[in-house]
Amino acid sequence: RRATVKRKVAVLVGFVGRRFHGFQKNPGVATVEEVLEDAMYRAGWASEANRDVLQKKHWARAARTDKGVSGVGQVCSVKLELPRGDAPGTVLVTMADVVDKWNQFLPDEVRVFGVLRVTGAFGAKTHCQSRRYEYLMPRAALEATRAPLDPSLGLVDHFNRVLAKLQGTHSFHNFTTVSRIGGKDVRRYVKSFQCEPLTLPGGRAYVRMTVFGNSFLLHQIRKMVAFALLQHVGDLPEDAMALALLPGSDCGIPPAPGHGLLLTACDFAGYNKRFGDRPELLPQGLISVYPEHQPVVAQQAEAFKQQKIYPSIVEVEETATMDFEQEQHAAEEGAPTAMVRWLDFMREQHVPRIVEELQRIRADRERWYGGEPAAAAASDEDAQAG
């Protein structure tokens, strides 16, 4: 009989995205999946016959991430080949053994926090119900305003008022890279989008945005951050967000830099509720990086974020040469951080065009519908619902 037995598992992963061209495997460039796969073979959890073909191992990921984006809440599903035990249906290693040996062959910027037994039908992408991300940037970016803010609101409160306009169900066609304009495939539900102050080591003043939604389109979060910041600092008109969210409108929005974005959690509430009382499937607990579900995993993930990801973000902000649309912008001693340099670049290269496009959208809507853009948006929403 075979010396190994296949076991479907969920893998909880953290990674610093700085040197990777995204999470998903992509021939010719460095990716997190490629590193995970190589370590999986070297640890002995996959056969040589299936090497370099993730589909044969039923591999799936809960979320995709762009170049430079980090994460502590990624979940992947895969069939591992584990040494068979003497008793039927048993294996000779624990899931903790699998984690330890897998990590032995991983670089320091990639970690496996946990491996959990799941049902054969489990898929990380199909069973994931929502994702949570953070975006970090220096507070100086919020302070680079060109217009006076509401004196009754603090700096972060004013920015939160802008972010709140992105909450709810909208057509995010202007906040992604797709071929269709205003179709139902670009409608997404953002459950919450909030910002809070954050002090990093050395007294560095940052802000941390947290966005929570069912799923996100390609570049959606980075484009939402970019547009919200431009409106907050006064580069865009007050009705800019309403205009950009109008179904059928066309406004090109460049994404904010990727290094400040990190995936912090993938939610499997439905799966956990259904199978959480079956200890033979989930002997270590629920599929989660939340402390109330997986305290040890949560502690490791938080430590990795504080010790690896946050310092990497700061280093890029303060020292790295940034590539803004193939234009190199080097960091110099005493120069503004990368996010402030990006904001200056946007003001020079894109803001005039965006304002012009918004003016055109406003004029078209007023001509077609009369009244304010909000009324036009309501008319379009009703039409789509019908």
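Reference entry: report on the structure contained in this document.

Criteria and cut-off values
- Residues numbered from 1 in each chain as written.
- Predicted model: local features only at pLDDT ≥ 70, side-chain atom pairs only at ≥ 80, totals over all residues.
- Heavy atoms only, no water.
- Pairing = 2+ DSSP bridges.
- Helix = DSSP H or I, 4+ residues; strand = E, 2+ residues; numbered from the N terminus.
- Buried < 20%, exposed > 50% of the residue type's maximum accessible area, 1.4 Å probe, protein only.
- Contact = heavy atoms within 4.5 Å.
- Phe/Tyr/Trp six-rings, centres within 6.5 Å; stacked < 30°, edge-to-face > 60°.
- Salt bridge = Lys/Arg side-chain N within 4 Å of Asp/Glu carboxyl O.
- Core = buried A, V, L, I, M, F, W, Y, C linked by side-chain atoms within 4.5 Å.

Here's the deal with the pairing of strand S7 (residues 187–200)
Consecutive residues of a regular strand have side chains that alternate between opposite faces of the sheet.
Thought 1: Here 4 bridges tie strand S6 (residues 168–171) to S7, and the two strands are oriented antiparallel to one another. Paired with glycine 168 across the bridge in S7 is valine 190.
Thought 2: Direction of pairing for S7 relative to strand S8 (residues 204–213): antiparallel, over a ladder of 10 bridges. Counted as the bridge partner of proline 197 is valine 207 from S8.
Thought 3: Between S7 and S8, which pair antiparallel in sequence order, lie 3 residues; one of them, glycine 202, sits at a positive phi of approximately 85°.

Topic: unusual backbone geometry
Thought 1: A positive phi angle, close to 55°, is found at histidine 58, a residue other than glycine.
Thought 2: Following the sequence through the fold, histidine 58 ends up in the loop between helix H1 (32–43) and strand S2 (60–61).
Thought 3: We classify histidine 58 as partly exposed; its relative accessible area is 44%.

Some details on the side chain of serine 312
Thought 1: Residue placement: serine 312 occurs in helix H9 (residues 295–319).
Thought 2: Under the relative-accessibility criterion, serine 312 is labelled buried at 11%.
Thought 3: Residue contacts for serine 312: discarding those within four places in its chain leaves Val16 and Arg18.

Regarding the packing of aromatic side chains
Thought 1: Under the definition given, this model contains 8 aromatic pairs.
Thought 2: Aromatic side chains phenylalanine 122 and phenylalanine 268 sit 5.6 Å apart centroid to centroid with 45° between the ring planes, which places their arrangement in the tilted category. Taken together, the residues phenylalanine 122 in the loop between strand S4 (110–117) and helix H3 (124–127) and phenylalanine 268 in the loop between strand S9 (261–267) and helix H8 (269–275) connect sequence positions 146 residues apart. For the pair phenylalanine 122 and phenylalanine 268, a shared accessibility class is recorded, and that class is buried.
Thought 3: Consider the rings of phenylalanine 175 and phenylalanine 227, whose centres lie 5.7 Å apart with planes at 80°: the pair is edge-to-face. With a gap of 52 residues between them, phenylalanine 175 in the loop between S6 and S7 and phenylalanine 227 in helix H6 (residues 220–232) connect regions that are remote in the sequence.
Thought 4: Residue classification places phenylalanine 175 among the buried positions, given a relative accessible area of 0%.
Thought 5: An aromatic cluster is present here, built from Phe122, Phe268, Tyr271 and Phe275 joined pairwise through their rings.

Quick look at the pairing of strand S5 (residues 130–138)
Thought 1: The buried fraction of S5 amounts to 8 of the 9 residues, a majority that puts the element mostly inside the structure.
Thought 2: Sheet topology places S5 next to S9; 6 bridges connect them, and they run antiparallel. Bridging across to S9, arginine 131 finds its partner in cysteine 266.
Thought 3: Pairing of S5 with S8 involves 8 bridges; the strand directions are antiparallel. Across the sheet, methionine 137 pairs through a bridge with valine 207, a residue of S8.

As for the pattern of salt bridges
Oppositely charged side chains may form a pair once their charged atoms are brought near each other.
Thought 1: Tallied over the entire structure, the rule returns 19 salt bridges.
Thought 2: In this structure, aspartate 38 and arginine 42 form a salt bridge, with 3.6 Å as the shortest nitrogen-oxygen distance. Of this pair, aspartate 38 and arginine 42 both sit in helix H1, 4 residues apart, which is roughly one turn of the helix.
Thought 3: Taking the relative accessible area as the measure of exposure, aspartate 38 reaches 29% and is therefore partly exposed.

Side note on the environment of aspartate 185
Thought 1: With respect to the element layout, aspartate 185 can be found in the loop between S6 and S7.
Thought 2: Residues aspartate 185 and serine 171, 14 residues apart in the sequence, show an inter-C-alpha distance of 8.5 Å.

A closer look at the nonpolar core
Thought 1: Within the largest apolar cluster, 86 residues are counted, with the highest numbers of intra-cluster contacts made by Met137, Phe175, Met224 and Phe227.
Thought 2: Top contributing element to this core by residue count: H6, with 8 residues.
Thought 3: Sequence-distant contacts of phenylalanine 227, that is, excluding residues within four places in its chain, are made with Phe175, Leu236, Ala240, Met241, Ala244, Cys251, Ile253, Ile354 and Leu358.
Thought 4: In terms of nonpolar packing, the next biggest core, distinct from the first, is built from 30 residues, Val11, Val32, Leu54 and Leu106 among them.

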